Structure formats: C-alpha cells, structure tokens
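Residues per chain, in single letters:
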Amino acid sequence: MKIRQLGLAMSISAAMAACSDNTNTTTDLVAEPEETIDTQVTQAAATTQDNPLFTESQLPYGLPAFDEIRDEHFLPAFERAMALHLEEIDIIASNPDPATFDNTILAMERSGRDLDRVARVFFNVAGADTNPDRQQIQREVSPMLSAHDDTIALNSELFARIDSLYQQSNSLNLDPVSQRLLERYHTQFVRSGALLSDVQKERLREINSDLATLSTQFSQNVLAEVNDSAVLVDDVALLDGLSDAQIEAAAAAAEERGEIGQYLITLQNTSNQPVLTSLTNRELRERIHDASLQRGIRGNEFDTRDIVATTLRLRAERAQMLGYETHADYILSEQTAGSIAAVNEMLDDIVPVAVANARREGEDIQQMINEIEAEPFELSDSDWSYYAEKVRAERYAFDESEVRPYFELNSVLTNGVFFAAEQVYGLTFQRREDLSGYHPDVQVWEVFDADGSPLGLMLADFYARPSKRGGAWMNSYDLPSELTGGFPVVAMHQNIPKPPAGDPTLLTFDEVTTMFHEFGHVLHGIMTDVPYPYFAGTAVPRDFVEFPSQVNEMWASWPEVLANYARHYETGEQIPQELLDKVMAAEQFNQGYSTTEYIAASVLDQELHQLSLEEIPSADELVEFELQALAENGLNYGPVPPRYRTAYFSHIMGGYSAGYYSYIWSEVLDADAVEWFKENGGMLRENGQQFRDQLLARGGSAEAMQLYRDFAGREPDPVHMLQRRGLTE
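Residues take numbers from 1 onward in each chain, read along the sequence in its written order. Reporting of local features is limited, given that this is a predicted model, to residues whose pLDDT is at least 70; pairs of side-chain atoms are given and counted only at 80 or more, and all residues count toward the totals for whole chains, interfaces and linings. Note that the side-chain values use all heavy atoms of the structure and ignore hydrogens as well as water.

Describing the overall build of the chain
Each helix corresponds to a stretch of at least 4 residues labelled H or I by DSSP, and each strand to a stretch of at least 2 residues labelled E; elements are numbered beginning at the N terminus. For the chain, the helix and strand inventory stands at 27 helices and seven strands. For 729 residues, the compact-globule formula gives about 27 Å, and the C-alpha radius of gyration of the chain, at 25 Å, lands near that figure. With the C-alpha coordinates aligned to their principal axes, the bounding extent of the chain is approximately 85 × 60 × 55 Å. Per-residue burial over the chain gives 60% buried out of 729 residues. By the convention used here, residues are in contact when the closest approach between their heavy atoms is within 4.5 Å. Within the chain, counting contacts between residues at least 6 apart in sequence, those at least 24 apart form 77% of the total. Computed with the Shrake-Rupley method and a 1.4 Å probe, the accessible areas treat only the protein chains shown as cover for residues. Only carbon and sulfur atoms are counted for the fraction: they give 46% of the accessible area of the chain, which is about 28100 Å². As used throughout, the charge tally considers Lys and Arg to be positive and Asp and Glu to be negative, leaving His and the chain termini uncounted. Charge positions are represented by NZ for Lys, CZ for Arg, CG for Asp and CD for Glu. One way to put it: in the chain the 52 positive side-chain charges average out to a point 2 Å from where the 118 negative ones average out. The reference for a compact globule is 2.2 Å times residues^0.38; the radius of gyration itself is calculated from the C-alpha atoms. Exposed residues in this analysis have more than 50% of their type's maximum accessible area, buried residues have under 20%, and partly exposed residues fall in between, with area computed by a 1.4 Å probe over protein chains only.

Below, the structure written as structure tokens:
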C-alpha cells in the first residue's frame, strides 16, 4: 500500500502527469455520458479464469498480458482488488496484538498489491490508448477509488496503531529508512484527515469524491476540446511552408473526419502551436493560434471553467480543514521548496529578467518583420514562432529542415539514448519482439545490468495517435523492493507525428532532447533499489522528480554521443561539424520566450492556489482573473502568452497543482549536477555509478536534498541554471 498523495487514485494520475505537455485526441473517443457498462462487464468477466487481471501475469518480468486484457475486465478487477485490499486493512487494524513495525507498517506495505497492479495497468493504458469504454470506466472508477482511499486513510483504529508507533519511534531501534517510512505513513495519514472530527471526515470524503470526478471530467473535456478546436483548411495553398509529409498528414486527418479533399490542422495542448513556425499565411496562423487560446472558454459542452472554479474551491476548503491557509501551503509543505515564500521569491527573481530577454527578442523579431514585409505590422503572439525561426536562420545560418535528416528515431534511441546509458551506467538493451504492448506501435526492450544480469523491461511508445493523451511522460507497471521482490517494468511516451508508411521518422532536436529526458525518468525507475515499495522509483517530491531526467538531457548534445547517433538517415554520414556548431550555438536562442511562457504558467498556478476559499473566482471571472494576475506580476507582454491558460492547464488539475514551478526548481539541481559531471571527467562509468548509487537507486528513501548532497558533496549553485537560460547579466 502506498499513500503518497491523498490516495491511490490521485497518486496514479499524478505519476502520469509527470512531463506531460500536450493533449491530442478526437471527440469520437468521448463516451455517451448516460451509458453504463456495469452489467456487461460483470457478465463478461465474472470468473477468475476469464479475467487476466485477477492474477499476476506469468509473462517475463510480470509484463501485463495486454493481448488478453479486454475493457470488460477492468471494472470487475477493480471491485475485487478493492475488496481484497479492505480485507487486508481490516486484519491489520483489528489485530489484537500491540502494534509493531512488522504487523502494522510492513503489513500495510504488503497490502493492496492487487489493486496497485490493476490501477497501474488501467490508468496507464487509458492515458496512452483511450477509447469510449475506457473513458466511461474512468468516470466510474475515479470516485470509487477516492472512497476506497478515504476508507483507509480515515480508519481510526488503523491510525491509532500508526500513531502509537510514531509516538514511541525513538525506542523502536529502527534503521534510518524504516524510521523514515514510519514518519511518512504518519504524516500522510494526518494530511489525509486522520485527526479530523467525524463530521469533518464525512465532509472530506465528499470533497475527495467530487475532486476525483472533476479531475476525470476535466481531462476528458480537454481531450475532446483540443480535437474539436482543430482548424479545417480547404485550400492546400494556405499550407505553404509545411513539408509534404505534414500536408499529407493533415489530409489524412481531415479524411478521418469525413472531410475529403480538405486539410485538418490538429492542436497540441500548449498555447503555442508547432505549425506556426512554418506556415507562411498570416491569417491561417492567427486562426490556429486563436483556436488554441480559446479552448475551454467557448461556452460549449467541453468548457472547463466551471470545473476549474469548483476544483479550486474544494481544494481551498480541504486545505483549510486540514489546517493550512491555502492549497498552495498544503502542497508546498511536502516539497523541497517548503513554503510559498520560497517559491514566490524564485519566481519574482526570474520574472523581470525573463521578460526583459523576451522583449529584446521581440525587438529583433519586429526588426525582421520591418525588413522583409512589404507592409510591416506590429508583432503579435501568432507571429512570434514564424519570424523567430527566420531570425534564427539568419543569425545561425540553418533551419530545422537541415538538421532533421541526422536525427532518425531508431538511431537516436539505440545509438544515442541506449549508447549513453551503456557508457555511463553499463546498461545494455535487447528488443523483445516476442512481447507485445497495448498498441502495435509500442516497442518492448529488455534491460541488462553491467554484469549481464537482467534488470527489467522498458516499453517505448513514441508516436502520436488520436487515442493518446498529448505530451511526453514516463510511468511504471511495476517497481521492485526488497520487501516485495519483482522487477521494474516501466514505459516512456512521446507524441512524435508518425510519418507515412515506409518513410523514416526524422526528429527535431527538441524531440531528441525529450527522448533523452523521458529516458532519464526510465533510469530512475529501472535502477530503483530500495527496501520498501513506498520509496521505489520516482517516489520523490514533485520539485525533485524532474531533476534526474533533466540531467540525462546533457548526453543528447555530448560530443561522443552525438557523433554516434547524429548520422544522415540515407548516407550514414555524421552531421557536419559546422552545422552541429550552429545547432549548439543556438541553444540559448529564444530562451526569453521559453522562460517567460513557462514562468507565466507557473505564476498562474501559484496565484490560483494561493487564494483562500473566499477569494476563489467564479467560472465567469476566471479569464479576467488570469489577465489581471499576469499584469500584476509583470507578465502581460502580449506576444508571449502563458504556456498554458487556466482552462486547458492539465498539469495543475492533476498532480502538479501548486507545483508547476517544479521544472525550473529542479533545473537548479540539474544544471549544478551537469557541472559536477564535467568537473569530474564527464562521461565516465565511475561518475554514472556515483549518480546511480547515491541518487537514482535510492528513490525516496532519504530526504530529497540529502540525496543530492550525498551525490555531489555540496549544495547546488543556482548560477549554472541562470547561465544556461541566459538569465545572467
């Protein structure tokens, strides 16, 4: 049993939110709201032999038997697993013997493994390959899991046993990790309402159930809205600037909608849309950008404003009930930042420098517009990407189309990502064609340690599809511990456009970096070596979890690694040094824009979650509140909108509420760790072993910043992050 947030349902969704940026699916995937599948699933999967989720998989490493699992198996499996879990908890809580670490804490760690297994399979597959039935199951299961979690967290007999151990912890002679486990259980139960009155507990159950339902509604609305906002184009001439493959993909997307002979520009969940970099037609750029920014506030069936406002109110009420002034106080007390003041200080320091950089970049772009346009116009937000690319091409004498042929997907993965992992950690990888994933695009790789011993499995799911949520993320199907045994089975996901059959998949350098980043999360999971399940893998604070994955990005541009994977997909020739030098020199280009759009979203997150219950805006007031918050924080520079507007800000409606600042907070550690590697000889096995032993393998078994100090032997210096982002004088 692992209570890491407020329960299993929240911890699963939070884990899947990591790194995710985009959402891209179709309205065809939204189930009819009035349908229920209880009867059909119960009839179809009532017996153990019919339902593969009732037992552990017998496949290598416990890989789920995806080819045997049907949608009708999930609900009965959830119901059975929850019942079994409550039976286990009842035995622990009603044990007549005095509480001991073994019969209470370790017994809880061993409990709920059936539910953990079912939930991981379902939520992971529902995020990567959804359909109407899975969406309906998610709507039904989310409040069920919330109620299940509350039944455990608010069990007074169970907490009494935990509390008795906690009060006498100094005399239990526990080792440091076991002591930390006891403390974490006690803290999480208190944070989940164990000390509340019966009346308050009942209200908390209602709040948690409503929040679970609202979270599902929001995610499904965002999925539907991003597709409903796609822009239909009837004249191919308007697509000037796109590649033939992009135009072909747009035609195919339109044809799937029944719009033969037209072209559909699908959207990602960020405010800025990638196609704006290439499209020459300004009116079409404006249409696409406006469609992006208006998502969730159009007053249609997918409008999310009421969901957001209600969620904010419930979070604020819950925080106050638990003794915190605001939801941000509640969340940040468990992060490495520790407080609202620390986060606000960091954001306040960065905002003026980032915006000043963005304005300077805007001046350069405006000059480019004035020089090349017969009738110059004032730079707008929909113009930025297109003309910024022209500034970059002029300044560094290259564009993305020159680089992509050297970044073929399979070469990046095997000759780049895997090569770096072998050099740094001694890992090797073997494709398992005999094992299948949940979708034909999924690759299964077996991972071996430096001594040749089997380590675990990695699933790789690179391509975008209508059934897949957007962005990039890592999740786990199983993580081992000394207590429970097992092997790690983890997965990494991206949303790379799939080329026509037979064509190579050529990546941008951003997509290359993202692959290295997500593999950094994979390493955090695959190398876990902890005594207890609670601490396995990425079970660390939100503002620390991105740090190891960000560190792994350094190998994407490490000369030895680049020379191994950056080869022309047709000729095999290495990327020319002159072109590579230009790519590296341009790394800080547009950092003012990138940092400002990110900081703007981070500030919105904090502004919304640092409100008391009485200050929460209504649904109708959300848009105005957003504009006012940006202006008051000096972030109302028109050409740079926030990376996410509130109505489609999936991070803060999931596991990153009051935590979107985490990426740049983690980057302080990342940049300092990169300097540590460079100071100590770079890509050396002993450096990798130090990082693995002192940080990756230990998961959450020690306080996060202590893990960093144990690895680096020092406190992180923020100057390295500031230099990387061009935020120093």
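From this point, the narrative continues.
Considering the pairing of strand E7 (residues 489-496)
Of all the eight residues making up E7, eight are buried; the element is thus mostly covered by neighbouring parts of the structure. Going residue by residue along E7, you find Val489, Ala491, His493 and Asn495 tucked away on one face and Val490, Met492, Gln494 and Ile496 tucked away on the opposite face as well. Between any two strands, at least two bridges found by DSSP are needed for them to pair. Of the strand pairs in this sheet, strand E5 (residues 454-463) and E7 are connected by six bridges, and their pairing is parallel. Bridging across to E7, Tyr463 finds its partner in Ile496. The sheet contact formed by strand E6 (residues 473-478) and E7 spans five bridges and is antiparallel. Its bridge partner lying in E7, Asn475 is registered against Ala491.

Describing the pairing of strand E4 (residues 443-448)
Across the six residues that make up E4, a large majority, six, are buried. As judged from the four bridges shared by strand E3 (residues 428-431) and E4, these two strands associate in the antiparallel manner. Across the sheet, the residue bridging to Phe429 is Val447, located in E4. Bridge count between E4 and E5: six bridges; the pairing is antiparallel. Its bridge partner being in E5, Gln443 is matched across the sheet by Ala460.

Considerations on the packing of aromatic side chains
Working definition: a ring pair exists when centres of Phe, Tyr or Trp rings (six-membered ring for Trp) sit within 6.5 Å. Plane angles under 30 degrees give stacked, over 60 give edge-to-face, the rest tilted. The final tally for this structure, using the stated rule, is 43 aromatic pairs. Ring geometry for Phe66 and Tyr438: centres 5.6 Å apart, planes at 75°, overall edge-to-face. Of this pair, Phe66 sits in the loop between helix H2 (38-44) and helix H3 (71-93) while Tyr438 sits in the loop between E3 and E4, and the two are 372 residues apart along the sequence. Each member of the pair, Phe66 as well as Tyr438, is classed as buried. Relative to Tyr593, the ring of Trp384 lies with its centre 4.9 Å away and its plane at 35°, an arrangement referred to as tilted. In this pair, Trp384 is assigned in helix H15 (residues 384-396) and Tyr593 in helix H22 (residues 591-609), connecting sequence segments 209 residues apart.

Some points on the pattern of salt bridges
By definition, a salt bridge exists where a carboxyl oxygen of Asp or Glu is found within 4 Å of a side-chain nitrogen of Lys or Arg. Evaluation of the coordinates by the stated rule reveals 36 salt bridges. Between Glu334 and Arg184 there is a salt bridge whose closest N-O contact spans 2.3 Å. You can see Glu334 sitting in the loop between helix H13 (327-332) and helix H14 (340-372) and its partner Arg184 sitting in helix H8 (residues 176-191), a full 150 residues away along the chain. For Glu334, a relative accessible area of 23% translates into the label partly exposed. Among the residues examined, Arg184 registers a relative accessible area of 17% and is labelled buried. Among the ionic pairs, Glu433 bridges to Arg431, the shortest N-O distance being 3.8 Å. Residue class for Glu433 comes out exposed when judged on its relative accessible area of 62%. Judged by its relative accessible area of 32%, Arg431 falls in the partly exposed class. Look at the salt bridges and you will find they share partners, linking Asp71, Asp129, Arg134, Asp441, Asp461, Arg465, Lys468 and Lys498 into a network.

Quick word on the environment of Phe123
Within the fold, Phe123 resides in helix H5 (residues 113-128). Phe123 gets classed as buried once you look at its relative accessible area, which sits at 7%. Sequence separation between Phe123 and Tyr477 is 354 residues; the distance between their C-alpha atoms is 10.0 Å.

Some thoughts on H22
The terminal C-alpha atoms of H22, which comprises 19 residues, lie 27 Å apart, in line with the 27 Å expected from a rise of 1.5 Å per residue. Most of H22 sits inside the fold, with 17 of its 19 residues counted as buried. By definition here, a helix of n residues has an expected span of 1.5 Å times n minus one.

Let's talk about the packing of H3 against helix H7 (residues 156-167)
When two helices pack together, their arrangement is given by the angle between the helix axes and by the axis-to-axis distance. In the contact formed by H3 and H7, the axes pass within 9 Å of each other and the chain directions differ by 55°. As judged from the angle between their axes, H3 and H7 are oblique. For the pair H3 and H7, the sense of crossing is left-handed. Here H3 contributes Ile89, Ile92 and Ala93 to the contact with H7, which in turn contributes Glu157, Leu158 and Arg161. Think of each axis as a best-fit line through the C-alpha atoms, taken over the contacting stretch in the case of a helix, with angles from 0 to 180 degrees between the N-to-C directions. Small angles under 35 degrees read as roughly parallel and large ones over 145 as roughly antiparallel, with 65 to 115 read as roughly perpendicular and the rest as oblique. Handedness of each helix crossing follows the sense of rotation of the near helix against the far helix: counterclockwise by less than a right angle gives left-handed, clockwise gives right-handed.

Regarding the sheet that holds E5
The mixed open sheet is built from five strands, whose spatial order is E3-E4-E5-E7-E6. Of all the strands in the sheet, just E3 and E6 have a single pairing partner and so form its edges. Taking the axes of each pair of neighbouring strands and ignoring which way they run, one obtains an average angle of 25° across the sheet. Here helix H17 (residues 409-425) sits on the sheet and contacts E3, E4, E5 and E7; the angle it forms with E4, its principal contact strand, is near 20°.

Remarks on helix H19 (residues 542-552)
The element H19 is extensively covered by neighbouring structure, given that 11 of its 11 residues are classed as buried. If you check which residues of H19 are buried, you get Arg542, Asp543, Phe544, Val545, Glu546, Phe547, Pro548, Ser549, Gln550, Val551 and Asn552.

Quick look at the nonpolar core
Put simply, buried Ala, Val, Leu, Ile, Met, Phe, Trp, Tyr and Cys residues joined by side-chain atoms within 4.5 Å make one nonpolar core. Counting residues in hydrophobic clusters, the biggest one holds 175 residues, and the most contacted among them are Phe407, Met458, Phe516, Phe519, Trp555 and Tyr565. It is H14 that contributes the most residues to this core, 12 residues altogether. Leave out the neighbours within four places in its chain, and Phe407 touches Val412, Thr505, Leu506, Leu507, Thr508, Phe509, Val512, Leu562, Tyr565, Ala566 and Ile575. By size, the runner-up hydrophobic cluster in this structure holds 34 residues, among which are Phe123, Val125, Tyr477 and Ala491.

Overview of the packing of H7 against H8
Following both chains from N to C, one finds H7 and H8 inclined at 135°, their axes separated by 10 Å at the closest point. Here H7 lies oblique to H8, going by the angle between them. As for how H7 packs across H8, the hand of that crossing is left-handed. Touching Leu158, Phe159, Ile162, Asp163, Leu165, Tyr166 and Gln167 of H7 are Leu182, Glu183, Tyr185, His186, Phe189 and Val190, all from H8. Grouping the constituent residues of the contact of H7 with H8 by class yields nine nonpolar, two polar and two charged. Each residue receives one of three labels: charged for Asp, Glu, Lys and Arg, nonpolar for Ala, Val, Leu, Ile, Met, Phe, Trp, Tyr, Cys and Pro, and polar for the others, Gly being one of them.

Concerning the confidence of the model for the chain
pLDDT measures how confident the predictor is about each residue, on a scale from 0 to 100. With 93% of its residues at a pLDDT of 70 or more, the chain shows a mean pLDDT of 91. Per-residue pLDDT stays below 50 along residues 2-17; that stretch engages in 56 contacts with residues further than four places along the chain or on separate chains. For the stretch residues 20-46, pLDDT sits under 50, and the model shows 91 contacts to residues farther than four places along the chain or on other chains.

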